[in-house]
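Below are the chains, spelled out letter by letter.
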Amino acid sequence: MIYAAILAGGIGKRIERTSMPKQFISIAGTPIIVLTLREFLKNDRFDRIYIAVHKDWKKHLEDLLKAAFSKEENDRLCIVNGGKERLDSFTNVMDAIIETRGLNDEDVLICHDSVRPFVRQQMINDCIDAALEDSFSLTVVPTADTIHVAHDEKYIDG
């Protein structure tokens, strides 16, 4: 089976201009998390899409999903509690899959950040294909930013 883990466990503590986590902020009237989920729901390869969200925002997400998606689409979605850190949220998704469906060596679990709504179908499919072929994959986007590596307190490579 092929699963998606959409990580939405943050509470937006770094964004001081809004009272809600950034995954719920709207772009052109649509919450970012809804835009992200639309892309994953378009992909028929996913058997189930898990969303890890902070417990204080779970009801808000449930209401959003009911309003934004059809019953059939909502049937493919499963909300789990987010964790303290991103890895904890991912672990909560894995635990939910193991508890309800079991997780086998042939299964694929794709992880994606809820506030990255501009993911393309090709990226999703390439990630699934690579994971099926090599057991692991990572999607990266080239950056124009300068990246520095600190070797110690005195030396930095750029």
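What counts and how
- Residues numbered from 1 in each chain as written.
- Predicted model: local features only at pLDDT ≥ 70, side-chain atom pairs only at ≥ 80, totals over all residues.
- Heavy atoms only, no water.
- Buried < 20%, exposed > 50% of the residue type's maximum accessible area, 1.4 Å probe, protein only.
- Helix = DSSP H or I, 4+ residues; strand = E, 2+ residues; numbered from the N terminus.
- Pairing = 2+ DSSP bridges.
- Phe/Tyr/Trp six-rings, centres within 6.5 Å; stacked < 30°, edge-to-face > 60°.
- Salt bridge = Lys/Arg side-chain N within 4 Å of Asp/Glu carboxyl O.
- 1 Å grid on protein atoms, 1.4 Å probe; cavity = no way out; pocket = protein on both sides within 12 Å on 5 of 7 lines; lining within 4 Å.
- Points joined across faces, edges and corners; volume = space filled by probe spheres on them.

Q: Help me understand unusual backbone geometry in this model?
A: Positive phi outside glycine occurs at A28, with the angle close to 50°. On the basis of relative accessible area, A28 is assigned to the exposed category, the value being 83%.

Q: Help me understand the pairing of strand 1 (residues 2-8) in this model?
A: Successive residues of a regular strand alternate their side chains across the two faces of the sheet. Most of strand 1 sits inside the fold, with seven of its seven residues counted as buried. A two-sided burial pattern is seen for strand 1, the buried positions comprising I2, A4, I6 and A8 on one face and Y3, A5 and L7 on the other. Judged from the six bridges that link them, strand 1 and strand 6 (residues 108-113) form a sheet pairing that is parallel. Paired with L7 across the bridge in strand 6 is D113. Of the pairings in the sheet, the one linking strand 1 to strand 4 (residues 48-53) comprises six bridges and is parallel in character.

Q: It is not clear to me how the packing of aromatic side chains should be interpreted in this structure. Could you clarify?
A: Given two aromatic rings, one states the distance between the centres and the angle between the planes to describe the pair. This structure, assessed with the given rule, holds three aromatic pairs. The interplanar angle of 65° and the centroid separation of 6.1 Å between the aromatic rings of Y3 and Y50 together place this pair among those described as edge-to-face. Of the two residues, Y3 sits in strand 1 while Y50 sits in strand 4, which places them 47 residues apart along the sequence. Comparing Y3 with Y50, the two get one shared label, buried. Here F40 and F46 contribute two aromatic rings whose centre-to-centre distance is 5.4 Å and whose plane-to-plane angle is 40°, an arrangement assigned as tilted.

Q: Help me understand the pattern of salt bridges in this model?
A: A side chain with one charge can pair with a side chain of the opposite charge if their charged atoms come near. Counting across every chain of the model gives seven salt bridges. Note that K42 is salt-bridged to E39, the shortest N-O span being 2.7 Å. A residue pair is termed a helical-turn pair when its members lie 3 or 4 positions apart in one helix, as K42 and E39 do in helix 1 (residues 32-42) at three residues. A salt bridge links D75 to K71, with the shortest nitrogen-to-oxygen separation between them at 3.1 Å. Separated by four residues within a single helix, D75 and K71 lie in helix 3 (residues 71-75), roughly one turn from each other. One network of salt bridges, in which partners are shared, links R86, D113 and R116.

Q: Help me understand the layout of surface pockets in this model?
A: It is a probe the size of a water molecule, rolled over the atoms, that shows where empty space is left. Estimates place the volume of the largest pocket at around 820 Å³. Surrounding the largest pocket, 31 residues form its lining, I110, C111, C127, S137 and T139 being those nearest its centre. At the level of elements, helix 4 (86-100), strand 6 and helix 5 (121-134) are the ones that each hand at least two residues to the lining of the largest pocket. Ranked by residue count, the leading element in the lining of the largest pocket is strand 6, at six residues.

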